[in-house]
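Letter by letter, the chains look like this.
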Amino acid sequence: MGQIIRQISPNTTRYYWYPGDKKEWLRALVACGAGCAVFGVTFLLTRSTVAATVLGLSTAAGCACFNLGRRDTRALDAIDTATITRRATLAASGRATWRGLVEGVVVALAVLVVAQLPTRGFVVDWLLPLVPALAAGTARQGGLLSARLTHESAKASTLRPVLNRNPLAEGARH
């Protein structure tokens, strides 16, 4: 949750709350901008609204879902399973549900736009609407994976006690 604090007078402070973080809103704008840029460049090069729409929407959905995948991983890492309360569990699951809804709506809208293009045919009506959905799903998994790969793992000795593999040290039983 973001917050803007505005000092109205020496005794009055006004707080404005907005959903999300400023960095997340900027990432969403970058995803939309990348989709629009790819749409524009593709349309200039091919003069095909079908190709430009499919590639632009795939890029926008891919960037958005990549960021949401990274955000899912950060949210999972923030949950401390040893001291989690019921309220924290509900809050985390509510935010995860919201992210899932956003991903689903982005993909559904991209599929609907591609499916409603004026060009008709089997490929345009049935295969090309799958391209933004595949791009979004692959990008989300890439976001999850990239966030996991940037973490430093704990040493194995902190996770499990080292087992003594020498049977003579404990006293051999024959």
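That block above? That's the structure.
Anyway, here's the lowdown on the structure attached to this text. Computed from a predicted model, the values in this text were never measured in an experiment.

1. Here's the deal with helix α1 (residues 22-46)
Okay, step 1: With 25 residues, α1 extends 36 Å between its outermost C-alpha atoms, agreeing within 8% with the 36 Å of an ideal straight helix rising 1.5 Å per residue.
Okay, step 2: Listed as buried for α1 are Glu-24, Ala-31, Gly-35 and Thr-42.
Okay, step 3: Looking at the buried positions of α1, the neighbouring elements they touch are α2 (49-78).

2. A short note on the packing of aromatic side chains
Okay, step 1: Following the criterion strictly, the structure yields 1 aromatic pair and no others.
Okay, step 2: Between Phe-39 and Phe-43, the ring centres sit 6.3 Å apart and the planes meet at 5°, which makes this aromatic pair stacked. Pair noted here: Phe-39 and Phe-43 are both in helix α1, with a separation of 4 residues, about one helical turn.
Okay, step 3: Its relative accessible area of 28% is what places Phe-43 among the partly exposed residues.

3. As for the nonpolar core
Okay, step 1: With 5 residues, the main nonpolar core is built from Val-50, Val-54, Val-114, Leu-117 and Val-124.
Okay, step 2: Leu-117 has contacts with Val-50 and Thr-53, leaving out every residue within four places of it along the chain.

4. Description of the packing of α2 against helix α5 (residues 130-149)
Okay, step 1: For the pair α2 and α5, the least separation of the axes is 7 Å and the interaxial angle reads 30°. For the element pair α2 / α5, the angle class is roughly parallel. Between α2 and α5 lies a crossing of right-handed hand. Here α2 contributes Val-54, Ser-58, Ala-61, Gly-62, Cys-65, Phe-66, Gly-69, Arg-70, Asp-72, Thr-73, Leu-76 and Asp-77 to the contact with α5, which in turn contributes Val-131, Pro-132, Ala-135, Ala-136, Ala-139, Arg-140, Gly-142, Gly-143, Leu-144, Ser-146, Ala-147 and Arg-148.
Okay, step 2: For the contact of α2 with α5, the per-class residue count stands at 12 nonpolar, 7 polar and 5 charged.

About the thresholds
- Residues numbered from 1 in each chain as written.
- Predicted model: local features only at pLDDT ≥ 70, side-chain atom pairs only at ≥ 80, totals over all residues.
- Heavy atoms only, no water.
- Helix = DSSP H or I, 4+ residues; strand = E, 2+ residues; numbered from the N terminus.
- Expected span 1.5 Å × (residues − 1).
- Buried < 20%, exposed > 50% of the residue type's maximum accessible area, 1.4 Å probe, protein only.
- Contact = heavy atoms within 4.5 Å.
- Phe/Tyr/Trp six-rings, centres within 6.5 Å; stacked < 30°, edge-to-face > 60°.
- Core = buried A, V, L, I, M, F, W, Y, C linked by side-chain atoms within 4.5 Å.
- Axes fitted to C-alpha atoms, helices over the stretch in contact; angles between N-to-C directions.
- Parallel < 35°, antiparallel > 145°, perpendicular 65-115°, else oblique.
- Left-handed = near helix turned anticlockwise from the far one by under 90°.
- Nonpolar A, V, L, I, M, F, W, Y, C, P; charged D, E, K, R; others polar.

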